[in-house]
Structure formats: C-alpha cells, structure tokens
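For reference, the chains in residue letters:
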Amino acid sequence: MRVGLLKGNGIGPEITAAMQRVIDACGIGIEWVNVPIADEAVAMYGTEVPEESIDLLRELKVAIKGPISVEKMAGRINYIRKDGTSHIYCSNNNAIRQELDCYACPRPARGIPGISGKNENVDLVVIREISEGIYAALEHRIDGDRASEAIKLITKTGAERICHYAFRYAIQNGRKKVTCAHKANAISLTDGLFLETFRRVAKEYPQIESEDLMVDATAYYLVTNPERFDVIVTMNQYGDILSDLCAGLVGSLGLGAGGNIGDNCAVFEACHGSAPDIAGKNLANPTSLILSAVMMLRHVGMPQWADLVEDSVREVLIEGKHITRDIGGSASTDEYTNAVIEKIKEKKTQINV
Ligand code: NAD
C-alpha cells in the first residue's frame, strides 16, 4: 500500500522518521511516497503548498503529515493553481485541508496510567469541523489600521456533514454520547445554525445520546469532570482549542493524535505544531504521530496492525522506563522509538501476526 509522507518542518522530520520506523517494524510493506511541502516544496516549486503535491495526495488518498510552521500575522497563503485560478487560505495547513475537501478532524484523548494522573480514565474524542468557521480567511482591515474584521462562515451543508460524521463515528467506535459545543447564546446566527443542525441530525441517531453545551462550560467541565464526555463535535476554532486542552489533560501535546478526513482523501497528523523550541534536539515525543498512523491503519482497514502498534505504545508508556521529557521521563525521541519497536517485535512473536 502506498502512503504519502509530508515531513513538515520543526520537529516534523524527527517525528515522521520515528513514526515510519515504528510502522515499518510491523512489516506490512507500506511504500512511503514523499510529498514535498513547506521548505522542501519551496526549494522545488517556489511555494509551500504546490498543486503538484495536492495532486499527488489526491492520487494516494491517504497520507501522514508532520507539522508545518505558520508565520504569525503573515501566515495567509495565495494558493495558485496550474489553470491560473487561485485562493487565499489562512495557512498552509488550511490550504491542504481545503484543497482536499477534508472536513472532519477527529482527535482522540485517552488517559495513560502513571502519566495522566487523575485523568487516566479519560477516553474521549473531539471532532473538529475543519472546512469553515473563522478559519475561512474571510478577514480584512476596515478604516486603515484602526480596525479589522473576520467573518465566521457556517453553512447548513457543512454543519450537517460534520454532525452526521460525529454520530457515525460514535456508532462505528462503540461510543454512547455526542456533545455539541457551541456559543449559540452570543453568536446566534452562525453557532445557532450549527446547534439547530446538530439537534435535527441527532434525531436520526436515537441509539446515541446527545446533548449540547456552551463551549465555555465545555472547557470548564473538561477540566473538572472530563470523564463525562465521550464524543464532542464542534466548530473549527473551538475544536482547535479544545483538542489541545484535551491533549494536556492526558499529559502532553506529544500524545495528541488526529486526522483530516474527507470523502476522498485523509491526511493524518498530530494535533500540535512544529514545536520550534525543541526542534532538532531529539527531544520530541513522537507518540502523537505514531497514534495518528494507528488511526490511518484503522482507516484503511488494518485494525489488527493498528491494535498491535497502539498496544505496544501504551505498554511502553505505562512501563515508564523509556518515556520522553514532556511526560516526565528522560528518554530521547530515538530511545523511546526503539523501545516501541522492541515491544512490537515481542508482541508480534507472541500473537503470531
Ligand atoms: P506547538 O504545538 O508547536 O508547541 C506548544 C508546546 O508543546 C511547546 O512547548 C512544544 O515544545 C510542545 N510540544 C508540541 N509538540 C510536542 C511533541 N511532539 N513532543 C514534546 N513537546 C511538544 O505550538 P506553537 O509553538 O504555538 O506553534 C509552533 C508552530 O507550529 C507555529 O508556527 C504554528 O503556526 C504551527 N502549527 C502547525 C500546526 C500544523 O502543522 N498542523 C498546528 C499547530 C501549530
């Protein structure tokens, strides 16, 4: 099977290399296809997100991506297509998601005994809508530099497809409840449309419990009683923020996996950024990207390999002998990765896969 590999920058190349070594240790015969992006793409094509890379992703349909840095206050990119048309996106990451029509971003947070403290029993998934909301790059200055405004775009079609995705996800993954996080009291038309759609869609899935909560109350309950949550579906920016919070709840951004899912393409990536403060130091925790690869294996119908990798990762984390600095250990990225690979080899012989 061919899988696209976007190395990204910052800690991206280190954690993609670690993830690749772990998946290769399974011996499934994945052929990794390099997809140039960010610095590598600039050197080859003069742009961070070239259409050549997007076309390759469309052909491959499945990929794993390392994080990419986005310059503060200047991250907008003008994506120029070969046919001469173009589109302004709020970031390079956003350009990839939008060009591939990825709209759902599931981000699981599962506690780990010995690492997640009082949150070791947390087991929830934030499903972030990623095709609209405040990241639609509909932003402009008003009256010179005296004010700026951004438009939050919520469509009925966009809200319907993410809400259906959340309920289908719940059914397929044995989950019991979907919570919609919104701010429909203050932003009544956009968040109101999202909430109204959620309530209507929920009626089609009577086997799944549904509820809605203000996003501020959701943040509060996530900190005080996270075990009350199962699946949380929410708009783009709220999901961006809440999913980092959930990674923190279980121990570190370095544990936060995710995927950008569309009807034709899926690009799996960690929920964190390029961590420039630790880049190139062999300190990054690659668990986030390894667990993103686990999600990829489930997506392509290889659940037995997904379970093998996930169980191996969790065992190494629970044993606590070779864990990285962000979760209280002193192992380097390589030492931790080697421990996971050893565990995979051990378990492979035990279960004879
Ligand atoms: P960040 O997520 O990169 O880092 C926040 C903190 O978490 C830092 O202390 C970092 O060292 C730590 N951290 C993150 N991942 C870690 C890991 N795997 N192991 C150990 N520690 C880890 O957030 P930031 O510093 O605000 O952003 C850095 C850059 O990444 C920015 O340019 C931002 O725009 C970009 N970014 C990219 C993506 C993406 O590619 N999808 C997502 C978010 C941010």
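These remarks concern the structure in this document. Everything numeric here is computed off the predicted structure, so don't read it as measured data.

## Section: the pattern of salt bridges
Counted under the stated rule, the structure contains 28 salt bridges. Among the ionic pairs, Asp 55 bridges to Lys 82, the shortest N-O distance being 3.0 Å. Here Asp 55, found in helix α3 (residues 51-60), pairs with Lys 82, found in the loop between β4 (77-80) and β5 (86-89); they are 27 residues apart in sequence, far enough to count as distant. You can call Asp 55 partly exposed: its relative accessible area is 31%. Where Glu 319 meets Lys 343, a salt bridge forms, and the shortest distance between an N and an O atom there is 2.5 Å. Placement of Glu 319 in helix α10 (residues 303-319) and of Lys 343 in helix α11 (residues 333-351) is noted, with a sequence separation of 24 residues between them.

## As for the site of the ligand
Contacts to the ligand come from 20 residues, most closely from Ile 68, Val 70, Gly 273, Ala 275 and Asp 277. Side-chain polar atom of Asn 93 to an oxygen atom of the ligand: 3.1 Å apart, as the coordinates give it. Note that an oxygen atom of the ligand is positioned 2.9 Å from one of the backbone N or O atoms of Ser 274. The fraction of the free accessible surface of the ligand (810 Å²) that becomes covered by protein chains is 70%.

## Focus on the side chain of Thr 324
Relative to the helices and strands, Thr 324 is located in the loop between α10 and α11. Among the polar contacts made by the side chain of Thr 324, one reaches the side chain of Asn 285 at a distance of 3.3 Å.

## Considerations on the packing of aromatic side chains
Counted according to the given criterion, the structure contains six aromatic pairs. Geometrically, the ring pair formed by Tyr 79 and Tyr 89 is edge-to-face, given 6.3 Å between the ring centres and 65° between the ring planes. Of this pair, Tyr 79 sits in strand β4 while Tyr 89 sits in strand β5, placing them ten residues apart in sequence. With relative accessibility at 1%, the residue Tyr 79 sits in the buried group. For the ring pair Tyr 165 and Tyr 169, a centre distance of 6.2 Å and an interplane angle of 35° mean the geometry is tilted. Here Tyr 165 and its partner Tyr 169 are both found in helix α5 (residues 156-172), four residues apart, which amounts to about one turn of the helix.

## Description of the pairing of strand β11 (residues 209-214)
In this structure, strand β10 (residues 177-182) lies alongside β11, joined through six bridges in parallel fashion. Counterpart to Lys 177 in the pairing with β11 is Glu 209. Crossover β10 to β11 through helix α6 (residues 190-202) is right-handed.

How each quantity is defined
Residues numbered from 1 in each chain as written. Predicted model: local features only at pLDDT ≥ 70, side-chain atom pairs only at ≥ 80, totals over all residues. Heavy atoms only, no water. Salt bridge = Lys/Arg side-chain N within 4 Å of Asp/Glu carboxyl O. Helix = DSSP H or I, 4+ residues; strand = E, 2+ residues; numbered from the N terminus. Buried < 20%, exposed > 50% of the residue type's maximum accessible area, 1.4 Å probe, protein only. Near = heavy atom within 4 Å. Polar contact = N/O pair within 3.5 Å; in protein donor to acceptor, adjacent residues only side chain to side chain. Areas by Shrake-Rupley, 256 points an atom, 1.4 Å probe, with all protein chains shown as cover. Phe/Tyr/Trp six-rings, centres within 6.5 Å; stacked < 30°, edge-to-face > 60°. Pairing = 2+ DSSP bridges. Right-handed = clockwise from strand over helix to strand, strands pointing away.

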